[in-house]
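# A look at the structure
The residues making up each chain are set out below.
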Amino acid sequence: MPTQKHKILFIFLSFALIGTFLLNLSLGSVSIPTTEIFNSIIGNEIKTSWEIILWNFRLPKAITAILVGMGLSISGLLMQTLFRNPLAGPYVLGLSSGSSLGVAFVIMGAGFLPSFLVSDYGIVLASSLGSFLVLLAVLVVSQKLRDTMAILIVGLMFGSFTSAIVSVLSYFSTAQELQKFTFWSMGSLANLPWNSILILAICCGLGLVLSIFSIKPLNALLLGENYAKSLGLNFKRTRLIIIFATSILAGSITAFAGPIAFVGLAVPHLAKLLFQTSNHYILFWSTLLIGAILMLVCDSIAQLPGSDYTLPINAITSMVGAPVVVWLLVRKRKIMI
């Protein structure tokens, strides 16, 4: 059960999420007052230009940031607990590399593909297909292996193999193709239409529901596989559900937003350090909130308020998050797995 301190922290994080969401909507090359944002949401008329900016650009981007932050953070929590490795992240199974390979085939092999594939939707389709094929391979291998750490190694090997193919494709590509692929690899929360956000939300919702059903098994896994089995846990089925949930979350997010670095690795540690617990009933919800807040903050910084420039979101997530985690770890001097 959450303590009084945990309840206070949850209330604080909830208000922080609302505050960062409104701040994200108001900041950018054009500043929109918070009162006007409220007026637009409840249906009152505001300046036409503000209305267009808010509903066509900033609101979709803010919702995408929340979905990405939540999905990647929970994926990281699942992987770190399953593999009992603090350095495990959402892309440890090679899903990001599979997505990168699919996108590389579309962008760098554009001359051999139909024109409809060389588009934004073609890139999303290729990214989804690449991560799905890697997921399929990992699931097949996981049925053959008893050792969970062996699955981690297999995921890393898949990642290395696909990265090698991407390197070969890059070597034979033009400067323009390389530039387009590089921009995709930097990640982006912008330019997603509402129908794409709906698909992403459904995928993230499915992954999060599977994760919720995994909370009790995750607590059992904290003391090791043998202890979990002694409690009557069907470890093979639990492992399959966790891998599948992570794959849905990380794969769909990478397909629509590109490979977003750092968030999935760091946010679970931030939650553990802030709440001082390893209980997943608390960690799950705290990780959700912190992940969404961190992505909104990073996106607000990336917009360079008052400027027409936008920085790559990957650069900001690492630059903002890494020093914070290092500072917290040095301050606490220990880390909970």
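Rules used in this analysis
Residues numbered from 1 in each chain as written. Predicted model: local features only at pLDDT ≥ 70, side-chain atom pairs only at ≥ 80, totals over all residues. Heavy atoms only, no water. Helix = DSSP H or I, 4+ residues; strand = E, 2+ residues; numbered from the N terminus. Rg over C-alpha atoms; globule rule 2.2 N^0.38 Å. Buried < 20%, exposed > 50% of the residue type's maximum accessible area, 1.4 Å probe, protein only. Contact = heavy atoms within 4.5 Å. Areas by Shrake-Rupley, 256 points an atom, 1.4 Å probe, with all protein chains shown as cover. Lys, Arg positive; Asp, Glu negative; His and termini not counted. Charge placed at Lys NZ, Arg CZ, Asp CG, Glu CD. Salt bridge = Lys/Arg side-chain N within 4 Å of Asp/Glu carboxyl O. Core = buried A, V, L, I, M, F, W, Y, C linked by side-chain atoms within 4.5 Å. Patch = residues over 30% accessible without salt bridge, like charges linked within 9 Å, V, L, I, M, F, W, Y side chains within 5 Å. 1 Å grid on protein atoms, 1.4 Å probe; cavity = no way out; pocket = protein on both sides within 12 Å on 5 of 7 lines; lining within 4 Å. Points joined across faces, edges and corners; volume = space filled by probe spheres on them. Nonpolar A, V, L, I, M, F, W, Y, C, P; charged D, E, K, R; others polar. Axes fitted to C-alpha atoms, helices over the stretch in contact; angles between N-to-C directions. Parallel < 35°, antiparallel > 145°, perpendicular 65-115°, else oblique. Phe/Tyr/Trp six-rings, centres within 6.5 Å; stacked < 30°, edge-to-face > 60°.

## Some remarks on the overall build of the protein
Looking only at helices and strands, the protein has 14 helices and zero strands in total. Walking the protein from its N terminus toward its C terminus, one meets helices and strands in the order α-α-α-α-α-α-α-α-α-α-α-α-α-α. Computed over the C-alpha atoms, the radius of gyration of the protein is 20 Å, within 12% of the 20 Å expected from 2.2 N^0.38 for a compact globule of 337 residues. Principal axes of the C-alpha set define a box for the protein whose edges measure 65 × 60 × 35 Å. Sorting the 337 residues of the protein into buried and exposed places 51% on the buried side. Long-range contacts, defined as pairs at least 24 residues apart, comprise 77% of the intrachain contacts of the protein with a sequence gap of at least 6. Taken as a whole, the protein presents about 16300 Å² of accessible surface, with 70% of it coming from carbon and sulfur. Each charge sign in the protein was given a centre, from 19 positive and 9 negative side chains, and these centres are 22 Å apart.

## Comments concerning the pattern of salt bridges
Within this structure, the stated rule accounts for one salt bridge. Notably, a salt bridge pairs Asp299 with Lys61, separated by 2.8 Å at the nearest N-O pair. Taken together, the residues span a long stretch of sequence, with Asp299 in helix H13 (residues 280-302) and Lys61 in helix H3 (residues 48-83) at a distance of 238 residues. Judged by relative accessible area, Lys61 falls into the buried class, the value being 9%.

## Quick notes on the nonpolar core
In this structure, Val68, Met79, Phe83, Leu93, Ile243 and Met295 are the most contacted members of the largest nonpolar core, which totals 85 residues. Take this core: its biggest share by element is 17 residues, from H3. Leaving out residues up to four positions away in the same chain, Phe83 has contacts with Ala88, Val92, Leu93, Thr148, Met149, Ile151 and Leu152.

## Remarks on a positive patch on the surface
Together, Lys144, Arg146, Lys229 and Lys236 make up a positively charged patch on the protein surface. Tracing the sequence through the fold places Lys229 in helix H10 (residues 225-230). Take Lys229: its relative accessible area is 45%, and that puts it in the partly exposed class.

## Some thoughts on the layout of surface pockets
Rolled over the atoms, a probe as big as a water molecule pinpoints where empty space is left. Reported here for the second largest pocket is a volume of approximately 450 Å³. For the second largest pocket, the lining is made up of 26 residues, of which Phe57, Lys61, Ala190, Gln303 and Thr310 are closest to its centre. For the lining of the second largest pocket, the elements supplying multiple residues, two or more each, are H3 and H13. At six residues, the largest contribution of residues to the lining of the second largest pocket is made by H3. Along the lines of polarity and charge, the residues of the lining of the second largest pocket split into 13 nonpolar, nine polar and four charged.

## Considering the packing of helix H2 (residues 34-41) against H3
Between H2 and H3, the least distance of the axes is 11 Å, while the angle of their chain directions is 75°. As far as their axial angle goes, H3 and H2 are roughly perpendicular. Across from Glu36, Ile37, Ser40 and Ile41 in H2, the residues of H3 making contact are Trp50, Glu51, Leu54 and Trp55. Partitioned by chemical class, the residues of the contact of H2 with H3 number five nonpolar, one polar and two charged.

## Considerations on the packing of aromatic side chains
For any two aromatic rings, the description comes down to two numbers: the centre-to-centre distance and the angle of the planes. Per the stated rule, a full pass over the model turns up four aromatic pairs. Ring plane angle 45° and centroid distance 4.9 Å describe the contact between Phe10 and Phe275, whose orientation is recorded as tilted. Taken together, the positions of Phe10 in helix H1 (residues 4-26) and Phe275 in helix H12 (residues 263-275) put the pair 265 residues apart, joining distant regions of the chain. The same class applies to Phe10 as to Phe275, namely buried. When the ring of Tyr171 is compared with that of Phe172, the centres are 5.2 Å apart and the planes differ by 90°; the resulting orientation is edge-to-face. Here Tyr171 matches Phe172 in class, with each residue exposed.

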